[in-house]
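Inside the fold
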Amino acid sequence: MIDCREAVRRMWLYLEAALDGPHNDELEQHLDTCTRCCGELEFSRRLRELVVDRAATPAMPPEVRQRIELLLTAAEPEPEAGR
Amino acid sequence: MGEDAGPNDVIPGGPDGNNSVPAIVFKPQSATPPGRREPTPEVDVLDAELAPPPPSDATPGSFAAVVREHGDRLYGFCVRLAGNSADAEDLLQETLLRGMRAWPEVRDRDRAKPWLFSIATNLWRDLCRARGREVATTPLDALEADDDDFSLYQTIAIEDPFPYSDELHMDFLRLFGDEDVQAIFGSIPAAFREPLILTVIHGFSCKEAAVILDVPLGTLLSRLHRGRKKLERGLWKYAVANGLVSAIDEEDAR
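These figures come from a predicted structure and were not determined experimentally.

In this section: the overall build of chain B. Summing up its helical and strand segments, chain B has ten helices and zero strands in all. Helices and strands appear in chain B in the N-to-C order α-α-α-α-α-α-α-α-α-α. Split into buried and exposed, the 254 residues of chain B put 28% on the buried side. Taking the intrachain contacts of chain B between residues at least 6 apart in sequence as the baseline, contacts between residues at least 24 apart amount to 54%.

Written as structure tokens, this is what we have:
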């Protein structure tokens, strides 16, 4: 059985689905019996969402998109003529 | 409903049935994505292969199509890597030029997105080196291990910044606007920030992120963990420093 400290260490990776089977199972067993860690897991999930919402990346400005399109069109090989 | 049902005709529980549960209709699986010409089942394979290619601006698998699909994400990644839009634009353009040249050699075109991201990452490192900036590959494992066991959850519970709240932790997170989070995020050293950007914001798996950043998976996992701890610590420090909460123990905020 893992303790809370170890459970917390694994939590973020758990949210990334990056734990291997045994580590994942141990954490889930811990969560089954520990309401404190369930609270922290939920908090971690919300914190992750905060990053996704607030640090989401800006959209490409129209002038950049235009430059990129020019670049692509200039470099794109002519399509083979229809047979 | 007596006759033999072909694959596409009789729908059990369809319009004339009085079944309110949506019926599961078994249709032959087709690998052709919607919107592309679909060969009729009677056409044999050879004929289908002789069909003319689709028009060039929609050519699946062309470099232009890949860029049109992933360009916005890639631009966003460049902004987060570079930290400002002027450098991000140059980085994006350079990435696309390099990508374009290498594209004919790329075999696994389903992996185009991580491939583009790794080009951008490498170019950015080159650029930093060329500018004499410190590149985030210096020994990090000995550095600032003190954040590793910081628990924001615990700290909020102990400091209790909103004595009348029954949603203490969520109220804490509600303090932060876009600019706040981005400022805090920007203060995390690149080596720890990049794994966060790739996994949390861009949805890459840890394995993919490790490949993009060219580090072993174990290193990636450890940096991801430490990046998150730095983020937690950063949020708390920022909240205290900007008077969003009043900490009992100001030492924590230093």
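A few words now on the nonpolar core. All names here are of chain B. Core analysis: the biggest nonpolar cluster contains 64 residues, and Leu74, Cys78, Leu91 and Ala120 have the highest contact counts within it. No other element matches the nine residues that helix H2 (residues 63–82) contributes to this core. Every residue in contact with Leu74, bar those within four places of it in the chain, is listed here: Leu92, Thr95, Leu116, Phe117 and Ala120.

For Asp160 of chain B, which is not a glycine, the phi torsion comes out positive at approximately 50 degrees. Judged by the 12 C-beta atoms lying within 10 Å of it, Asp160 of chain B falls in the exposed class.

Turning to the interface of chain B and chain A, a few remarks are in order. Tallying the contact residues gives 34 residues for chain B and 30 residues for chain A. When contributions to the side of chain B that touches chain A are tallied by element, the ones reaching two or more residues are H2, helix H3 (85–102), helix H6 (168–173), helix H7 (178–186), helix H8 (190–201) and helix H10 (217–241) of chain B. By residue class, the composition of the side of chain B that touches chain A is 19 nonpolar, ten polar and five charged.

So, on to helix H1 (residues 4–15) of chain A. With twelve residues, H1 of chain A ought to run about 16 Å at 1.5 Å a step, and its terminal C-alpha atoms sit 16 Å apart, in line with that. Of the residues making up H1 of chain A, those classed as buried are Ala7, Val8, Arg10, Met11, Trp12 and Leu13 of chain A. Contact partners of the buried residues in H1 of chain A: helix H2 (21–33) and helix H3 (35–54) of chain A together with H10 of chain B. Directly beyond the C-terminal end of H1 of chain A, a positive phi value near 55 degrees is found at Ala17 of chain A.

This brings us to the environment of Asp214 of chain B. Residues and elements named next belong to chain B. Within the element layout of this structure, Asp214 appears in the loop between helix H9 (206–213) and H10. With 13 C-beta atoms counted inside 10 Å, the residue Asp214 sits in the partly exposed group. Taking the C-alpha atoms as reference points, Asp214 and Leu152, separated by 62 residues in sequence, lie 30 Å from one another.

Residue position: Ala64 of chain B is located in helix H2. A C-alpha to C-alpha distance of 24 Å links Ala64 of chain B and Ala82 of chain B, two positions 18 residues apart in sequence.

Residue and element names in this part refer to chain B. The geometry of helix H4 (residues 112–130) relative to H9 is characterised by a closest axis approach of 8 Å and an angle of 40 degrees between their N-to-C directions. With respect to each other, H4 and H9 are oriented oblique. The hand of the H4/H9 crossing is right-handed. Here Pro114, Phe117, Ser118 and Thr121 of H4 come into contact with H9, specifically with Glu208, Val211, Ile212 and Leu213. Among the residues forming the contact of H4 with H9, the class breakdown is five nonpolar, two polar and one charged.

This brings us to the environment of Pro61 of chain A. All names here are of chain A. Secondary-structure assignment places Pro61 in the loop between H3 and helix H4 (62–75). Take Pro61: there are 12 C-beta atoms within 10 Å of it, and that puts it in the exposed class. Spatially, the C-alpha atoms of Pro61 and Tyr14 are 35 Å apart, while their sequence positions differ by 47 residues.

Per-residue confidence for chain A gives a mean pLDDT of 86, with 90% of residues at or over 70. Looking at the elements of chain A, mean pLDDT is at its lowest for H4 of chain A, recorded as 88, and at its highest for H2 of chain A, recorded as 95.

Conventions we followed
Per chain, residues are indexed from 1 in the order of the written sequence. Each chain takes a letter, starting from A, and each ligand takes a number, starting from 1, following the order in which they are written. Per-residue local features are limited, in this predicted model, to residues with pLDDT of at least 70; the limit for side-chain atom pairs, both in listing and counting, is 80 or more; totals at the level of whole chains, interfaces and linings are taken over all residues. The helix and strand labels rest on DSSP assignments: H or I over at least four residues marks a helix, E over at least two residues marks a strand, and numbering proceeds from the N terminus. A residue is called partly exposed when the number of other C-beta atoms within 10 Å of its own lies between 12 and 20, exposed at 12 or fewer, and buried at 20 or more, with C-beta atoms placed from the backbone. Contact between two residues is assigned when their C-beta atoms, built from the backbone, lie within 7 Å. The term nonpolar core means buried Ala, Val, Leu, Ile, Met, Phe, Trp, Tyr and Cys residues held together as one set by C-beta atoms within 7 Å. Think of it as three bins: nonpolar holds Ala, Val, Leu, Ile, Met, Phe, Trp, Tyr, Cys and Pro, charged holds Asp, Glu, Lys and Arg, and polar takes everything else, Gly as well. To estimate how far a helix should reach, multiply one less than its number of residues by 1.5 Å. Helix axes are fitted to C-alpha atoms over the stretch in contact, other axes to C-alpha atoms as well, and angles between N-to-C directions run from 0 to 180 degrees. These descriptions rest on fixed angle ranges, namely under 35 degrees for roughly parallel, over 145 for roughly antiparallel, 65 to 115 for roughly perpendicular, and the rest for oblique. Crossing handedness is read from the near helix: turned anticlockwise from the far helix by less than a right angle, it gives a left-handed crossing, and turned clockwise, a right-handed one. The predictor reports its confidence for every residue as pLDDT, a score running from 0 up to 100.

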